[in-house]
Amino acid sequence: MIELKQITKRFHQKGRVTTALDQVSLTVPAGKIVGVIGASGAGKSTLIRCVNLLERPDEGEVILGGVNLMQLKPAALAKERRKIGMIFQHFNLMSSRTVSENIAFPLELDGLSKGEISTRVQELLQLVGLQDKQHQYPSNLSGGQKQRVAIARSLASNPGVLLCDEATSALDPATTASILTLLKDINRRLNLTILLITHEMDVVKSICDQVAVISEGKLIEQGTVSEIFAHP
Ligand code: ADP
Ligand code: ADP
């Protein structure tokens, strides 16, 4: 479970202060998919980056599975971060590594043996349906295939939580649908907790259990998809 409590984040730039997040509270229950939707500049990116403390909030608490991340020392924080996977709009794959080698990267950091890594990589390739692409380089893959590699890599260390930062925004509608289907499938099969941000209404409508709407740094609505999108 992810709990954000009264998060405020300000940016100081050229003497100006931008309040990117203003007292935002959001809970993602274990095993659920929660989407945050909002316009460009609303604070979505800052919000999702606060969950793994890529951005450190000025105020508030970030609690992951009962652990308050803001109170941890660097070594303990690094350990907790291994429990959080993240995928991005532009995939962030390493171009000099093959599909398998990209997926293996976090496992190498975890210190697994060659044999363990190889077994785990095959499981992950199967999970995302890319066994036939394992020796290819990212430049030879379609956008949808690249995002599948990124998903496999993000899940390598068995995180309980996946953060999706505009993960389908660079993809066409058909590929978006196939990636969302994969995420829903993984959510069910692994009981993975997913927080995603998007500016696309269809994304939240199709896979989210709950939705929050963010505008100018404030969460202005929260509820189920049918509550938020119902028009009486
Ligand atoms: P979104 O993801 O919804 O487009 P962001 O979280 O990227 O919104 O940005 C929210 C606000 O914070 C915007 O006004 C943006 O300009 C500002 N902002 C984001 N990151 C920085 C930064 N590193 N320095 C200064 N301002 C920033
Ligand atoms: P693209 O449109 O770029 O091919 P997709 O995400 O549709 O991207 O598919 C990427 C790869 O994943 C393809 O090689 C395809 O064969 C495979 N694939 C597509 N859907 C599934 C699925 N539901 N389960 C497993 N593999 C799939």
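These numbers were taken from a predicted model, which means no experiment stands behind them. (Residues numbered from 1 in each chain as written. Chains lettered and ligands numbered in written order. Predicted model: local features only at pLDDT ≥ 70, side-chain atom pairs only at ≥ 80, totals over all residues. Heavy atoms only, no water.)

> Looking at this model, I keep getting lost on the site of ligand 2. Mind explaining?
Lining the immediate environment of ligand 2, one finds V128, G129, L130, S142, G144, Q145, R148, T175 and S178. The separation between an oxygen atom of ligand 2 and a polar side-chain atom of R148 is 2.9 Å. In this structure, an oxygen atom belonging to ligand 2 sits 2.8 Å away from a side-chain N or O atom of S178. Expressed as a share of its isolated accessible area of 550 Å², the protein-covered part of ligand 2 is 54%. Elements that contribute at least two residues to the shell around ligand 2 include exactly helix 5 (143-154) and helix 6 (173-190). In terms of residue class, the shell around ligand 2 is built from two nonpolar, six polar and one charged. (Near = heavy atom within 4 Å. Polar contact = N/O pair within 3.5 Å; in protein donor to acceptor, adjacent residues only side chain to side chain. Areas by Shrake-Rupley, 256 points an atom, 1.4 Å probe, with all protein chains shown as cover. Helix = DSSP H or I, 4+ residues; strand = E, 2+ residues; numbered from the N terminus. Nonpolar A, V, L, I, M, F, W, Y, C, P; charged D, E, K, R; others polar.)

> What's the story with the sheet that holds strand 1 (residues 2-13) in this structure? I'm lost.
Strands in a sheet are paired, the pairing made by backbone hydrogen bonds, and the direction either parallel or antiparallel. In space, the four strands of this open sheet follow the order 2-1-4-5, with antiparallel pairing throughout. Of all the strands in the sheet, just strand 2 (16-28) and strand 5 (67-68) have a single pairing partner and so form its edges. Alignment of strand 1 against strand 4 (residues 59-64), held across five bridges, turns out to be antiparallel. Paired with K5 across the strands is E61, a residue of strand 4. (Pairing = 2+ DSSP bridges.)

> Please clarify how unusual backbone geometry should be interpreted in this entry.
Among all residues save glycine, negative phi is the norm, and among peptide bonds the norm is trans. With a phi close to 60°, N158 is a non-glycine residue in the positive phi region. Structurally, N158 is set in the loop between helix 5 and strand 7 (161-165). Residue classification places N158 among the exposed residues on the basis of a relative accessible area of 59%. Here the phi dihedral of E166 falls at roughly 50°; this positive angle occurs in a residue that is not glycine. Here E166 shows up in the loop between strand 7 and helix 6. (Buried < 20%, exposed > 50% of the residue type's maximum accessible area, 1.4 Å probe, protein only.)

> Whenever I open this one, the packing of aromatic side chains confuses me. Can you help?
In this description, a pair of aromatic rings is defined by centroid distance and the angle of the planes. If you walk through the whole model with that rule in mind, you get zero aromatic pairs. The aromatic ring of F229 is capped on one face by K205, whose charged end is 5.2 Å from the ring centroid. (Phe/Tyr/Trp six-rings, centres within 6.5 Å; stacked < 30°, edge-to-face > 60°. Lys NZ or Arg CZ within 6 Å of the ring centre and 35° of its normal.)

> Can you walk me through the layout of surface pockets in this structure?
Empty space among the atoms becomes visible once a probe the size of a water molecule is rolled across them. When its volume is computed, the largest pocket comes out at roughly 500 Å³. For the largest pocket, the lining is made up of 20 residues, of which R81, R82, I84, G85 and M86 are closest to its centre. Elements supplying a minimum of two residues to the lining of the largest pocket: helix 2 (74-81), strand 6 (84-88), helix 3 (99-109) and helix 5. Its residues assigned to classes, the lining of the largest pocket comprises 13 nonpolar, four polar and three charged. (1 Å grid on protein atoms, 1.4 Å probe; cavity = no way out; pocket = protein on both sides within 12 Å on 5 of 7 lines; lining within 4 Å. Points joined across faces, edges and corners; volume = space filled by probe spheres on them.)

> Whenever I open this one, the side chain of K184 confuses me. Can you help?
Structurally, the position occupied by K184 is in helix 6. Polar side-chain contacts of K184 include one of 3.4 Å to the backbone oxygen of I207.

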